[in-house]
Amino acid sequence: MEAHMPGQANKPMSKPAHALDRDTVRNELNADAKQGLSAGDAQSRLQEYGRNELEDGPGVQPFKILLRQIANAMMLVLIMAMVVSLAIKSWIEGGVVAGVIILNIVVGFLQEYNAEKTMDSLRSLSSPTANVVRDGQTINIPTAELVPGDLVELKLGDTVPADIRLLESLNFEADEALLTGESLPVAKDEEAIFDEDTGPGDRLNVAYSSSTVTKGRARGIVFATGMHTEIGSIAAALRKRDSKVRPVKRRTDGTTHALRYAESWTLTFADAVGRFLGVNVGTPLQKKLSRLAMLLFGIAVVCAIIVLAANDFSNNPEVIIYAVATGLSMIPASLIVVLTITMAVGTKRMVQRHVIVRKMDALEALGGVTDICSDKTGTLTQGKMVAKKCWIPSRGIYSVDVTNEPFNPEQGSLLFSESSAVEVRSDEKDEKSGEQYDAESLLADNQQLRDFMLVASLANLAHVYKNKEGDWQARGDPTEIALQVFASRFGYNRSKFLEGDDQKYKQVSEYPFDSDVKKMSVIFEDTEDKSQMIYTKGAVERVIDTCDTAVWEGTEEVEMTEQMKSTILENMEALASLGLRVLALASRPYNPASARRASRDGPPPREEIERELIFRGLIGLYDPPRIESADAVKRCHRAGIKVHMLTGDHAGTARAIAAQVGILPDMNRVSAKVADAMVMTAREFDHYSDKELDELPVLPLVIARCAPATKVRMIEALRRRKAFMAMTGDGVNDSPSLKIADVGIAMGLAGSDVAKDASDIVLTDDNFASILNAIEEGRRMFDNIQKFILHLLAENIAQACTLLIGLAFKDGTGLSVFPLAPVEILWVIMITSGMPDMGLGMEIAAPDILERPPVSLKKGVFTLEVMFDMLVYGLWMSALCLSSFVLVVFGFGNGDLGQNCNDSYSEACDTVFRARATTFTCLTWFALFLAWEMVDMRRSFFRMTPGSKRYLTQWMFDVWRNKFLFWAIIAGFVTIFPTLYIPVINHDVFKHTGISWEWAIVFIEAMLFFVGAEAWKWGKRVFFRRRAARDRITPKDLEARAFGEFQSDGEIGKDERVQVK
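Cut-offs used in this document
- All residue numbers refer to position in the chain's written sequence, counted from 1.
- pLDDT decides what is reported in this predicted model: residues at 70 or higher carry local features, side-chain atom pairs at 80 or more are listed and counted, and totals for whole chains, interfaces and linings draw on all residues regardless.
- Side-chain measures here rest on the full set of heavy atoms in the structure, leaving out hydrogens and waters.
- The helix count covers DSSP runs of H or I at least four residues long, the strand count covers runs of E at least two residues long, and both are numbered beginning at the N terminus.
- The cut-offs for exposure are 20% and 50% of the maximum accessible area for each residue type, with area from a 1.4 Å probe on protein chains only; residues under the lower value are buried, those over the upper are exposed, and the others partly exposed.
- When two cysteine sulfur atoms are found within 2.5 Å, that pair is recorded as a disulfide.
- Pairs of residues are marked as contacts when any of their non-hydrogen atoms sit within 4.5 Å.
- To pair, rings of Phe, Tyr and Trp, with the six-membered ring standing in for Trp, must have centres within 6.5 Å; the planes then decide the type, stacked if under 30 degrees apart, edge-to-face if over 60, and tilted in the middle.
- As a reminder, the over-ring test applies to NZ of lysine and CZ of arginine, requiring each to be within 6 Å of the ring centre and within 35 degrees of the ring normal.

Draft legend 1. Expanded view of unusual backbone geometry. One non-glycine residue with positive phi stands out, namely Asn-900, at about 60°. Structurally, Asn-900 can be placed in the loop between helix H32 (864-891) and helix H33 (910-933). Among the residues examined, Asn-900 registers a relative accessible area of 42% and is labelled partly exposed. The phi angle at Lys-991 is positive, at roughly 60°, despite the residue not being glycine. Tracing the sequence through the fold places Lys-991 in the loop between helix H37 (985-989) and helix H38 (998-1031).

What follows is the structure, encoded as C-alpha cells:
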C-alpha cells in the first residue's frame, strides 16, 4: 500500500485510469465490456487481489472480549466479595468465589466470542451490493466480492462499489461529497481523458467507491478495490472513532472559562462510569437491564446490612461471609451476557428467515409493531410481470393468452378485439375475448400499433434475449421486461434498433423514472436522417396531462379533448379492475428548433420534453400476488396487526390486488363513508390537513399513486393514533419514511443502497411474508428475554427470602443458624443461572405467538404478569425451602440448632447439616425446574404443545426439544450428588452432610413445587381467558378487529352500502 499511487489500479497500469482511454483500460485489465468476467476468472482475481473491503479494524478481538468479561460492574461485585472473604481469612469461601469468577469469565468469553463472530459474519450480509455482469448475465453480489476487471452497472440510488472507469453513461451524476467535499453532484463524461496529475474532483471519467448515484445510469470497469480505491487512502480518517472526551464549551472568539475544563472532565468521567456500568451503551433494553442491575446491587447492600443487623453487627467471619453471600444472591451476574447472546442468536435465526438486522434496536421494536405499511410490487406480488392487454384508441384491445414463461415472447397466442377495455371487462370469457392473429398480420397497415410498439421497446432499459443454450432470458426492471417481451412478440425487440452494423436509432437523452413525476422519457435520434423522437411511458393521469393530441378514430391525429381523457380513464379503470397495472404510452417528434438539440452532453430540460405529446395507448401488466401473501396478511390480522398497502399503482389495480390478498374486508359490509376512507389516492390523502386526517374514522388501508411524501404523512398520522408502525421502501426517495418509521424495512433485491442504509432491517427476498417472520422472531425474542429475566429474578427472591427469614433460626449463643451456607448460595447462583438462562434465550416461538396482540413497548418486559409471577414463584420456592429446613430440624429432629454449626461439623450439628443439605437440594432443584416451567409462562409444563395426543408423555418431547436447556438442567441436577456425598467437600466446603430419608422430603417438596406452579398457571389461564373474552382479544377477535372499524354498525341502509361489482 505504501507504493500505491492515487488513481492507479490494484496492479498498476501504464497510467492512472483517468489518463487512459476506455479501450486501453479494458485491455490492460483483461476485461470484457460485453460478457464481463467469467466466474472462474473472478474467483482467481479475488484470491489474487483480496476482498473489496476497507481495513476497518481487526474484527473480532478476543482480548477486548476477555477484558469486557473482567472489567464490568457485575464482575466487580464478585471480586469485592472475594477480597472480603480472603481478608477475613475465609479461604474456602474466597476460593469458591474465585472459582465462580473464573467460570463466569470463561463461559461469558466463549459465548460472547461466538456471538461476536456471528454478528461479524452478519454485518457482511447487510453491506451494499453491486450489479455486475459475469458470463453475460447481470447478477447481484456483495460489493466485497468485486474484483478489478469486473463490468458493473450503476443506476440511480446505487452506492458505487469500487473505483470504476466509465465505459458508457447517460445523464450520469454522482455525489462525491464524502471524498471531495463538493456539495453538488458531479456530471460524468466517459469519453474524456485527463492528465495524470488531475485531482480526484476533476476526474470526470471515473466513479469513486462510496459515492452515490444521484442521476442517470452508467456501465464501467472496476480498476481499484478495497484499500487501493481513492476512499481507501483516507480510510484511516473514516475509521477514526469519535472522541470519548467531552469537548470544552467555548465562546465565539474561541476563549473559555477555566470552569469549563472542569465541567468537560467531570462529564467525561461520568460517561466513562456509565459505560462501565452499562447504563449508557447498548440497546434501550440493555440499558434498562443495566439500570435494573444497579437497583439490585442497592438491594443487595440492604440485604447484607440486614444480615449484619440481625446478628448485632457481629465481627464473626461466618456472619460477614453470610452477609456477602446474601448480597450476591440478589446480583444477576449473567443477565447482560445472556441478553447479548440471545440477541445474537436471534439475528442469526432471522437471516435463515430472509431478514437481515442492521440496527439492534429493531430487534426489540419488532414485537411491538401494530401496523405494517407495505409496497405492492414485488413484496405482496411476485414481481414477475406479464403484459396481458394493450388498448389503442383507434384500433381496440390486443391481448396475450396464458403463458408460463414470462420472458419468452414466442409463447402464448396474440388475440385482437375491436372492443374497448370497458366492453372487454364485461365479457365473462375475458381471457378468450377476440380472435387469434399472428403478429405480422396485426402490424400490416397498422401505423398506430407500430408507433405504440416503438414506445414500449425504446422507452425501456430492459434486455430480453436468447442465451447460448437457446433459452430466453431478461435483465432489467420487471415492468420494463414485461413491456420488452410484449414488444418482442411483434418483432420490436430493442436490440433490433440499437445493435449491429445497421443500427437504426441512437439514444441521445434519458429522463429516468421519478416517483414524483411518475414518468420516464427518452430521446432517440435516427442514424440516417438525424431526426429525433421523444418516447414516454408512465402513470396514466400524468401522461395524458402532457398529451395534446391522439389518433382517436381513423389514422389522423386530433386534439385531445376532456371527453377523450374521460374515455381513457374509463378504459384504465376497466383494465385496473382486472388487477392489471396500467401504464400510458406517448411519443412525438422532437424539433430542436423549439429548444436546443438533444445530446448526451446537454439534454434539454425535462419540462420541455414531456409536453405536447401524442397519446399512443394503454398497456396492462399483470403481477400475480405471491402465493403466501394472503396467508401472511391473515396471520397479521390474527396477530392484531393492520396491513396497509402504499403503492404507486392506480387505485383500481391496488384495490383488486388488496382484495385478493385480504388487505381489504368484505366490501358488502362497509358503509360508503368508510369505503371512501379505506381506499384513497395520494392526491386525496395529501389534500387533507393533519387535523382532518385525525378526524377520519379510519386511516386508509390502501393508498394508490403513493408518493414518498405521502408515506411520511402516513407515518405521522399513524403515530398520532399511537400506532407503532413498520414501513417498507426500496427507492432513494423512500429513505425519509424509512428513517422516521419505528421499523424501516428495505428491500434487499430491488432496494437501492440509499434505502438500505436508512433502514433498520433488510428483506433478502423482498417478500411480505418475511416481514411477518421478522415480527414473529421479534416477539419470540421478547418472550425469551421475559422468561430468563423472570427466572433470574424469581430465583433471586427465593434465595433472598430464604436467607433473610432464616436469620430467625438462632443457636444458644444468639447467632443465626444459616439455612444455607455461603458456598451453597454461590453454587446455586453458578449452576442454576447462566447456562439454563442461555437455554431459555434459545427457546422456539410459542405456538400462539402470532395469535396475541402486539407487545407493549411502553411497559417493556416488566409487565404486571411478570411482576406477579416473580413474587409468586419466588415466595413459593422460599416457603418450600424453609419448610424443608423446619421439617428436618423441628419436625423429625429434636429442634437442637447446636453451637457453631455455621463453621464446622459436629455430632450436635448433624441435624442442622442434614437440614441445610435438604434445603440446598430443594432450592437447586426448584431453580432448575423453574427454568422448564418458564418455557411457556402460561401453558402447563405437561401440555406445552396444544393439540398433542401424547397426554402423559408430551412433556418428555418438549424438554428434549431444546437440548441446550435440557443438558444445562441435567448438569445442574447431577452436580448435587458430589457436593452431598464426597467427604471433606460436604463438611468443610458446603457445610452440609449426606442425606438419606430426607430425600423423601425433597421429592415431596419437588412435587409440591410443580403443584403450586401448575396451579398458578391454571389460575392465570382462567383469568386471561376470561379477560380475553371480555376485552375481545382472542385470535378471532383480533382478526375481526383488523376490520372492525370498517364494518357497518347495522344501522346503515342497503342504499348506503358499497356494492362490489
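What follows picks up the thread again.
Draft legend 2. Summary view of the state of the cysteines. Following the criterion strictly, the structure yields 1 disulfide and no others. Note on cysteine connectivity: Cys-901 is disulfide-linked to Cys-909, with sulfurs 1.9 Å apart. Here the disulfide of Cys-901 and Cys-909 is left-handed, its torsion about the S-S bond being about -85°. Grouping residues by exposure puts Cys-901 and Cys-909 together as buried.

Draft legend 3. Examining the environment of Ala-651 more closely. Tracing the chain through its elements places Ala-651 in helix H22 (residues 651-661). By relative accessible area, Ala-651 is classed as buried at 13%. Linking Ala-651 and Met-680, residues 29 residues apart in sequence, is a C-alpha distance of 7.2 Å. Dropping the residues within four chain positions of it, Ala-651 is found in contact with Thr-681 and Ala-704.

Draft legend 4. Summary view of the packing of aromatic side chains. If you walk through the whole model with that rule in mind, you get 34 aromatic pairs. Their ring planes at 85° and their centres at 5.1 Å tell us that Trp-960 and Phe-966 sit as a pair that is edge-to-face. For Trp-960, a relative accessible area of 39% translates into the label partly exposed. For the pair Phe-1009 and Phe-1010, a centre-to-centre distance of 5.6 Å together with 70° between the ring planes defines the contact as edge-to-face. On the accessibility criterion, Phe-1009 (0% relative accessible area) is buried. What makes Phe-1010 buried here is its relative accessible area of 17%. Against the face of Phe-913 rests Arg-916, its NZ or CZ located 5.4 Å from the ring centre. Positioned over the ring face of Phe-1024 is Arg-938, at 3.7 Å from the centre of the ring.

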